[in-house]
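# Tertiary structure, described
One letter stands for each residue in the lines below.
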Amino acid sequence: MNIIEIIEKKRDKKELSTEEIYYFVANLTNGKIPDYQISSLLMAICINSLSERETFDLSYAMTYSGDVLDWEKVGIKVTDKHSTGGVADTTTLVLAPLVTACSLPVVKLSGRGLGHTGGTIDKLESIPGFKVDISIEKAAELVKKNGMVIMSQTADLAPADKKMYYLRDV
């Protein structure tokens, strides 16, 4: 199996196997696939879409590309809000506190700016004393105390996702 064949297959509107998707994510994560080939496959995916199974496989592989948060192990059941980003932070900074006010704990991993605007993390870091680069233990403490936490991604959480976001920004 090699990345060129996987790129060609998706370019030609064929469905990728679970093994091909896992190969892509594993080798993207460990640095064995150059950025231009990652970008080529992502462009082919963008143009030709993914099937429901391919979407599940890619999401699963990305989730397990590094450490995974298991909040139940620390005694917390949490909700999450996720998006691919946008302009103006019109959702996270409003929705997370609203959901928390309804007695549903929220853990939100947010990102840096993409494109012409600052991301949620960039905006929160502009507040003196606001810390976004925190440990999982500190996040659990804050959720137990306040009902929510908005934090930045760590180096070990979903590194495949972090790499893809980086390439989207470039």
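## Comments concerning helix α4 (residues 52-63)
Given 3.6 residues per turn, any residue in an α-helix points the same way as the ones three and four places further on. Between its first and last C-alpha atoms α4 spans 16 Å; for twelve residues at 1.5 Å apiece the expected length is 16 Å, and the two agree. When we look at burial in α4, the residues that qualify are E54, D57, L58, A61 and M62. The buried side chains of α4 occupy one side of the element, clustering within an arc of 125 degrees when seen end-on. Residues of α4 that are exposed and point more than 90 degrees away from the buried face comprise E52 and F56.

## As for helix α1 (residues 3-11)
Every buried residue of α1 is listed here: I3, I6, I7 and K10. Within α1, the buried residues cover an arc of 100 degrees as seen down the axis, which keeps them to one side. The secondary structure elements touched by the buried residues of α1 are α2 (18-29), α3 (35-48) and α4. Two or three places before I4, at the start of α1, stands the capping residue N2, its side-chain oxygen 2.9 Å from that residue's backbone nitrogen. Just downstream of α1, K13 is the residue with a positive phi angle, here 65 degrees.

## Here we look at the confidence of the model for the protein
In regions of low pLDDT, the predicted coordinates are not meant to be interpreted in detail. Looking at the protein as a whole, the pLDDT averages 87, with 92% of positions reaching at least 70. Averaged pLDDT values for the elements of the protein fall to 82 in helix α8 (residues 159-169) and rise to 98 in α1.

## Side note on the pattern of salt bridges
Under the counting rule described, the total for this entry stands at seven salt bridges. Among the ionic pairs, E15 bridges to R53, the shortest N-O distance being 2.7 Å. Linking E15 in the loop between α1 and α2 with R53 in helix α4, this pair joins segments that are 38 residues apart in sequence. Note on E15: relative accessible area 42%, which makes it partly exposed.

## Side note on the side chain of E20
Tracing the backbone shows E20 in helix α2. According to the relative accessible area criterion, E20 is buried, its value standing at 13%. A distance of 2.8 Å separates a polar atom in the side chain of E20 from the backbone nitrogen of S17. Apart from residues lying up to four places away in sequence, E20 is in contact with M1, I6, K9 and E15.

## Looking at the packing of α1 against α2
The N-to-C vectors of α1 and α2 enclose an angle of 125 degrees; their axes lie 11 Å apart at closest approach. Viewed along their axes, α1 and α2 adopt a mutual orientation that is oblique. The two elements α1 and α2 meet at a crossing, and its hand is left-handed. Seen from α1, the contacting residues are I3, I6 and K9; seen from α2, they are E20, Y23 and F24.

## With respect to unusual backbone geometry
Positive phi values are uncommon outside glycine, yet K13 reaches one of about 65 degrees. The phi dihedral of A158 falls on the positive side, at around 45 degrees, and the residue is not glycine.

## Examining the packing of aromatic side chains
Tallied over the full model, the rule gives three aromatic pairs. With centroids separated by 6.5 Å and ring planes inclined at 20 degrees, the aromatic side chains of Y22 and Y60 adopt a geometry described as stacked. Taken together, the residues span a long stretch of sequence, with Y22 in helix α2 and Y60 in helix α4 at a distance of 38 residues. For Y22, a relative accessible area of 34% gives the class partly exposed. Judged by centre distance (4.7 Å) and plane angle (35 degrees), the ring pair of Y60 and Y64 falls under tilted. Residue classification places Y64 among the partly exposed positions, given a relative accessible area of 48%. Through pairs of rings, three or more aromatic residues link up here, namely Y22, F56, Y60 and Y64.

Rules behind the numbers
Residues numbered from 1 in each chain as written. Predicted model: local features only at pLDDT ≥ 70, side-chain atom pairs only at ≥ 80, totals over all residues. Heavy atoms only, no water. Helix = DSSP H or I, 4+ residues; strand = E, 2+ residues; numbered from the N terminus. Expected span 1.5 Å × (residues − 1). Buried < 20%, exposed > 50% of the residue type's maximum accessible area, 1.4 Å probe, protein only. Arc of directions from axis to C-beta. Contact = heavy atoms within 4.5 Å. Polar contact = N/O pair within 3.5 Å; in protein donor to acceptor, adjacent residues only side chain to side chain. pLDDT = per-residue confidence, 0-100. Salt bridge = Lys/Arg side-chain N within 4 Å of Asp/Glu carboxyl O. Axes fitted to C-alpha atoms, helices over the stretch in contact; angles between N-to-C directions. Parallel < 35°, antiparallel > 145°, perpendicular 65-115°, else oblique. Left-handed = near helix turned anticlockwise from the far one by under 90°. Phe/Tyr/Trp six-rings, centres within 6.5 Å; stacked < 30°, edge-to-face > 60°.

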